[in-house]
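Residue-level structure breakdown
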Amino acid sequence: MHLGGFSVEGDWDTIHRANIVGCYNLFEAAYRAGVKRVVFASSNHAVGFYPRSQRVGVGVTVRPDSRYGVSKALR
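In what follows, the accompanying structure is described. (Residues numbered from 1 in each chain as written. Predicted model: local features only at pLDDT ≥ 70, side-chain atom pairs only at ≥ 80, totals over all residues. Heavy atoms only, no water.)

1. Let's talk about the environment of V60
Inspection of the secondary structure assignment puts V60 in the loop between α1 (12-32) and α2 (67-73). Taking C-alpha positions, V60 is 9.9 Å from Y50, a pair spaced 10 residues apart along the chain. If sequence neighbours within four positions are ignored, V60 has contacts with V47 and Y50. (Helix = DSSP H or I, 4+ residues; strand = E, 2+ residues; numbered from the N terminus. Contact = heavy atoms within 4.5 Å.)

Take a look at the structure:
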């Protein structure tokens, strides 16, 4: 189960290292170890730039609201 990362807005280097490189390393290690399933959680910040009045579903285009949101959308 993966719930780790830098969970607030910060500078790009911190977010990139923790959320993007860290996630890549997790999935690569799981693959190399033969793990069949990884439980992964993301964030509403991946679609946070939609108006609050608009309901969004699972098929919408990502619209991140911050650098943190970008790191979630890239996963």
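There is more to say after this.
2. A look at the side chain of S71
By the element assignment, S71 lies in helix α2. In terms of polar contacts, S71 uses its side chain to reach the side chain of N19, at 3.0 Å. Setting aside residues up to four positions removed in sequence, S71 forms contacts with I15, N19 and I20. (Polar contact = N/O pair within 3.5 Å; in protein donor to acceptor, adjacent residues only side chain to side chain.)

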